[in-house]
Amino acid sequence: MLEQVMIEDIRRRAEAAKDKKAAYGNDVDLDKYLHDVPIRERITTLGELSAGIRERALTIGMDAAEAYRSGSFFQHDQTVVISKSMQEGLEVMDINDALEKYDWMKDYYFKLVQPDQDKYTAYSATHKVAGYFIRALPGAKIEFPLQACLYMGREGMIQNVHNVIIAEEGSELHIISGCTSDAHVTQGVHIGISEFYVKDNAKLTFTMIHNWAENLIVRPRSSTRIGKNAVFMSNYVCMRPVKDIQMYPSSIMEGENSVARYNTVVVALKGSHMDLGSKAVLKAKGCKAELIARTISRGGYIASRGLIEGDVPDTKAHLECRGLLLSDEGAIYAVPELLGTVQGVDLSHEAAVGKINEEEIQYLMARGVDSDTATALIVRGFLEVDIEGLPPALQAEMKRNIELGGKGM
């Protein structure tokens, strides 16, 4: 269990930041939302979830049949209703249980994300929290993805989540983490703190799929520490309506020859405000990073940020922001940044925002494709991101979600 002095220090720092606005994005009055909600009943199998919940969860990769999955985690509002591992070498549990079980959690909890970063981290540190603790033991090769769902089923609530994910030395782990809300939920706030630790020679792939409601406000806060010869791949997909998302995950690459890749695929519908980004800090020889964003505005606002910082020689990284405007009402603001602090870094970026090329549409129409189908094919091709090293199950899940979103457009 966390030492009392540490708990008090976290709360003290958080209290001092309870009104601190975030560096980016719109401000949110958290007092307008429910802070306390009733406990949900625990379940023994995902099949006990209602048909409606199972259907919504499936849209973000949560398969109740658990086919080709190594474990499952489901949080309903503020209650972890089920958490289980189905493969040796993999731990999955409620973050609160992990804090009780392991004294060494003091070295991981609120260490990469600070409780006084802004009002959202401060809220998380001072209110009842749930979330997942996922750990691949040293040398464990987890063949199938673990699936996790953060589900909001109560109107007007704040869902407060803190996750800690550890890929121990030499391990390999793949996670599908989806966030969604009940069909009747029209508004609420999701606050999600996630701290990733990828130890030496480990590989962690994390694919997050969002399927929120039109008036949901989402504030993820995440950071990753990457060790020697380690690989971290983060994929984010949001193709459905949402009111306001602001997130800027970062990776601190401390080990030699470590690799970080961020892939972002989003569509902003009318009324949506998305302030998104990713950051990689290369602090050891041989580090490589790639930050790729594909954004489409169908009337919504997107800020597509990216920052690469090279602090030592013999490091290489690339940042790419590409945006497509499908409506005159929308806007895409691309903000690529490079910071080299020493000689010997190789950092590059490219950014482009535009519309569909009319010649491409005419080319397809000349071959018998109607205008709407031609546009859909071009959009879906634009959203395709080649993700090297992604396991087949995750690749299929991303492709399925992108295709569903494309059909919706």
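What counts and how
Residues numbered from 1 in each chain as written. Predicted model: local features only at pLDDT ≥ 70, side-chain atom pairs only at ≥ 80, totals over all residues. Heavy atoms only, no water. Core = buried A, V, L, I, M, F, W, Y, C linked by side-chain atoms within 4.5 Å. Buried < 20%, exposed > 50% of the residue type's maximum accessible area, 1.4 Å probe, protein only. Contact = heavy atoms within 4.5 Å. Pairing = 2+ DSSP bridges. Helix = DSSP H or I, 4+ residues; strand = E, 2+ residues; numbered from the N terminus. Axes fitted to C-alpha atoms, helices over the stretch in contact; angles between N-to-C directions. Salt bridge = Lys/Arg side-chain N within 4 Å of Asp/Glu carboxyl O.

A. Quick peek at the nonpolar core. The biggest cluster of nonpolar side chains holds 61 residues, and the ones touching the most others in it are Ile134, Leu173 and Leu204. For Leu173, the residues in contact, after removing those within four places along its chain, are Leu90, Ile134, Ala136, Ile142, Ile165, Lys203, Leu204 and Thr205. Of all hydrophobic cores here, the second largest spans 24 residues; its members include Ala98, Met105, Tyr109 and Ile166.

B. Just the sheet that holds strand E7 (residues 172-181), in detail. Sheet architecture is open: 10 strands sit in the order E2-E1-E5-E7-E9-E11-E14-E16-E18-E20, paired in mixed fashion. Single-partner strands in this sheet number two, and they are strand E2 (79-85) and strand E20 (345-354). Averaged over all neighbouring strand pairs, the angle between strand axes comes to 5 degrees, with direction disregarded. As judged from the 10 bridges shared by strand E16 (residues 288-298) and strand E18 (residues 315-325), these two strands associate in the parallel manner. Note that in E18 the partner of Ile296 across the bridge is Leu324.

C. Representation of the pattern of salt bridges. The final tally for this structure, using the stated rule, is 17 salt bridges. Two residues, Lys199 and Glu168, come together in a salt bridge whose shortest N-O distance is 2.9 Å. In this pair, Lys199 sits in the loop between strand E8 (187-198) and strand E9 (203-211) while Glu168 sits in the loop between strand E6 (158-167) and E7, placing the two residues 31 residues apart along the sequence. Given the relative accessible area of 23%, Lys199 is considered partly exposed. Arg305 serves as the salt-bridge partner of Asp275, at 2.7 Å between the closest nitrogen and oxygen. A residue pair is termed long-range when its members are at least 10 positions apart, and Asp275 in strand E15 (residues 273-282) and Arg305 in strand E17 (residues 301-310) qualify at 30 residues.

Purely geometric stuff here, so don't read any function into it on its own.
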